[in-house]
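Fold and contact review
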Amino acid sequence: MTLKVGVIGTGMIGQDHIRRLTKVLSGVEVVGVTDIDQARAAAAAPEGAEVFATPSALISSEKVQAVIICSWGPAHEEQLLACIAAGKPVFCEKPLVTSEAAALRVMEAEVAFGRRLVQVGFMRRFDADYRRLKAVIDGGELGAPLMFHSVHRNASVPEGLYTSEMPLNDTLVHDADISRWLLSDEVAGVEVRVPRRSARGGELRDPVFVLLHMASGALVDVEISVNIAYGYDIRGEVSCEAGVAALPNRPATVISDSDGIRQAIPKDWRERFIEAYDQEFREWIVAASQGTATGPSIWDGYAATLVADAALRAVASGGLESINMIAKPGLYGPPTAIAAQ
Ligand code: NAD
Ligand code: ISE
């Protein structure tokens, strides 16, 4: 069976996902696209795909069996609610939504529908390095995880479009999600420290240093730098009771030439996580073809939204901002098992 999908939002990541859906993956066909910039949608549309005038026309089309949302975060809620109302499986790029209230509304709609339809684009969970790291922690041979050091560096971000709030409510959501997943834990509180500002980012609050207090008592420190120039550099190291486990510093290829010995750093997320995005869609296509979703859920998107909100409060208050989650609906599995402190 070939899953017929429609893509909403044909900007940077929308185009990259259309490339993988048409040139890399099987069992899927892009039959429709839409964007508020209709010329961009037309340019990105694969041969034979229809360019829809609006997201709601695409979502309600009989041609479209499942939807991929790659529009801006503030547009996600309305598009998600329309997909859930139509009973169509949907892959939604991060962030799920941009407020706690919106996260609760989409959760309520999916719970009322009674089956998971939504998968959130936290692609790190599909990355082979992160999966190996999680297997070591879950295996237990290093004892309980105590600290996770997460480094998230972007070479640059779109000038004018990327605001001072975005390191905390757009970029940090990946570190929040991967911390919860790696440590099988929830975030209970957030602190933010703002060091000397990088002159490369102009007025942007960059870099930021975030401390996540996990419910188990483990601590996660996150460096977010978004104008680091030299490349897209993602690092992670977990300190456990009896040892340390870390991501390899990707890519591992070592270049030796007349300038010496060096490793090439990926230029952006498209390059660093190319295989992770392919794998997240492989798994999504299987689930969506069965009318459901897998991997990161609305619950995970909700949790990351709460961290983003708390981080924005923490930057204003300068203190520790706590997080209070609602009880986890049964649709999203049992409550997270958190090791005692
Ligand atoms: P972009 O600005 O390049 O593209 C977004 C596109 O969506 C634009 O073409 C815009 O016109 C369109 N759009 C916005 N609102 C719309 C609406 N209401 N209806 C139809 N079209 C609409 O941005 P991008 O970098 O491609 O990011 C898109 C989304 O993907 C964001 O949520 C972003 O956070 C996420 N993203 C995720 C990753 C990742 O690593 N998982 C990487 C980059 C971006
Ligand atoms: C972007 O939207 C992403 O999701 C990237 O993975 C992240 O590294 C970047 O900071 C975001 O702006």
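Everything in this summary refers to the structure shown in the same document. Only a predicted model underlies this, so the values are computations on that prediction, with no experimental measurement involved.

Description of the site of ligand 2
- Contacts to ligand 2 come from Lys94, Met123, His152, Asn154, Tyr162, Asp170, Thr171, His174, Tyr232 and Trp269.
- Contact between ligand 2 and Thr171: an oxygen atom at 2.8 Å from a side-chain N or O atom of the residue.
- Within the side chain of His174, a nitrogen or oxygen atom sits 2.8 Å from an oxygen atom of ligand 2.
- With the chains in place, 84% of the 300 Å² that ligand 2 exposes on its own is no longer accessible.
- For the shell around ligand 2, the leading source of residues is helix 7 (residues 166-183), giving three residues.
- Its residues assigned to classes, the shell around ligand 2 shows four nonpolar, four polar and two charged.

A word on the sheet that holds strand 1 (residues 3-8)
- Spatial ordering of the open sheet is given by 3-2-1-4-5-6, a layout of six strands whose pairing is parallel. The strands lining the two open edges of the sheet, one partner per strand, are strand 3 (50-51) and strand 6 (118-120).
- In this sheet, strand 6 lies alongside strand 5 (residues 90-92) in parallel orientation, the contact comprising three bridges. The partner of Cys92 across the bridge, within strand 6, is Val120.

Some points on a nonpolar patch on the surface
- There is a patch of nonpolar side chains on the surface, built from Leu146, Met147 and Leu219 and spanning about 230 Å² of accessible area.
- With respect to the secondary-structure elements, Met147 resides in strand 7 (residues 145-153).
- Using a relative accessible area of 38% as the deciding quantity, one classes Met147 as partly exposed.

Criteria and cut-off values
Residues numbered from 1 in each chain as written. Chains lettered and ligands numbered in written order. Predicted model: local features only at pLDDT ≥ 70, side-chain atom pairs only at ≥ 80, totals over all residues. Heavy atoms only, no water. Near = heavy atom within 4 Å. Polar contact = N/O pair within 3.5 Å; in protein donor to acceptor, adjacent residues only side chain to side chain. Areas by Shrake-Rupley, 256 points an atom, 1.4 Å probe, with all protein chains shown as cover. Helix = DSSP H or I, 4+ residues; strand = E, 2+ residues; numbered from the N terminus. Nonpolar A, V, L, I, M, F, W, Y, C, P; charged D, E, K, R; others polar. Pairing = 2+ DSSP bridges. Patch = residues over 30% accessible without salt bridge, like charges linked within 9 Å, V, L, I, M, F, W, Y side chains within 5 Å. Salt bridge = Lys/Arg side-chain N within 4 Å of Asp/Glu carboxyl O. Buried < 20%, exposed > 50% of the residue type's maximum accessible area, 1.4 Å probe, protein only.

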